[in-house]
Amino acid sequence: MNSTMSALAEPNRLRIVELLRDGPRTVGEIAERLELNQPQVSKHLRVLLEAGLVEVHPVANRRIYKLGTAPLKELDDWVSSFRRFWEGKFDDMENYLRKLQAKDSNQEE
């Protein structure tokens, strides 16, 4: 998961992943959409490929990139563990606020 987070920490690589969320694209399409030059995009794609975040499929003389699912699933599982933690905290806060409201209502009477 460290390689996933390291790869996504670079803003252009994150933008590439977000772009590929909409479907597979060639290097040229990615470069054009993100207004980057092709060598830059190729370097970023190499890092994303090594992290498993993208997969490449050659079609004739083009290389088509699409999202890899395993690292994103692993990242989602990790984030979900924190979501459960925060949901518990929000439940505790909601209960505390209800107690405060009940206390305020009793003082007004």
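The rules we used
Residues numbered from 1 in each chain as written. Predicted model: local features only at pLDDT ≥ 70, side-chain atom pairs only at ≥ 80, totals over all residues. Heavy atoms only, no water. Helix = DSSP H or I, 4+ residues; strand = E, 2+ residues; numbered from the N terminus. Rg over C-alpha atoms; globule rule 2.2 N^0.38 Å. Buried < 20%, exposed > 50% of the residue type's maximum accessible area, 1.4 Å probe, protein only. Contact = heavy atoms within 4.5 Å. Areas by Shrake-Rupley, 256 points an atom, 1.4 Å probe, with all protein chains shown as cover. Lys, Arg positive; Asp, Glu negative; His and termini not counted. Charge placed at Lys NZ, Arg CZ, Asp CG, Glu CD. UniProt positions renumbered as here; feature names shortened; annotations may be inferred. Pairing = 2+ DSSP bridges.

Asker: Looking at this model, I keep getting lost on the overall build of the protein. Mind explaining?
Answerer: Within the protein, the secondary structure is distributed over five helices and three strands. Reading the protein from its N terminus to its C terminus gives the helix and strand order α-α-β-α-α-β-β-α. For 109 residues, the compact-globule estimate of 2.2 N^0.38 gives 13 Å, and the C-alpha radius of gyration of the protein, at 22 Å, exceeds that figure by more than 25%. Principal-axis analysis of the C-alpha atoms places the extent of the protein at approximately 80 × 25 × 20 Å. For the protein, with 109 residues in total, the buried portion stands at 28%. At a minimum sequence separation of 6, the contacts of the protein that also span at least 24 residues come to 45%. In the form shown here, the protein has an accessible surface area of approximately 7,900 Å², with 52% of it arising from carbon and sulfur atoms. Counting 17 positive and 18 negative side-chain charges, the protein places the averaged centre of each group 7 Å from the other.

Asker: What's the story with the UniProt feature "domain: HTH arsR-type" (unreviewed entry) in the protein in this structure? I'm lost.
Answerer: Within this numbering scheme, the UniProt entry marks residues 1–87 as carrying the feature "domain: HTH arsR-type" (unreviewed entry). Secondary structure content for residues 1–87 is 66% helix and 16% strand, while the C-alpha to C-alpha distance between its ends is 23 Å.

Asker: I tried to follow the environment of proline 58 on my own but got confused; where do I start?
Answerer: Relative to the assigned elements, proline 58 resides in strand β2 (residues 54–59). Spatially, the C-alpha atoms of proline 58 and leucine 8 are 24 Å apart, while their sequence positions differ by 50 residues.

Asker: Teacher, can you tell me more about the pairing of strand β3 (residues 62–67) here?
Answerer: On a regular strand, each side chain points to the face opposite its neighbour's, so the side chains alternate between the two faces of the sheet. One ladder, built from two bridges, connects strand β1 (residues 25–26) with β3; its direction is antiparallel. Residue threonine 26 lies in a different strand from β3, and its bridge partner there is isoleucine 64. One ladder, built from six bridges, connects β2 with β3; its direction is antiparallel. Across the sheet, the residue bridging to proline 58 is arginine 63, located in β3. Connecting β2 to the antiparallel partner β3 that follows it, the hairpin turn spans two residues, and alanine 60 within it adopts a positive phi of roughly 55°.

Asker: Help me out: how do you make sense of the sheet that holds β1 in this one?
Answerer: Backbone-to-backbone hydrogen bonds join strands into a sheet, with any given pair of strands oriented parallel or antiparallel. If you trace the three strands from one edge of the open sheet to the other, you get β1-β3-β2, paired in antiparallel fashion. Of all strands in the sheet, those bounded by a partner on one side alone are β1 and β2.

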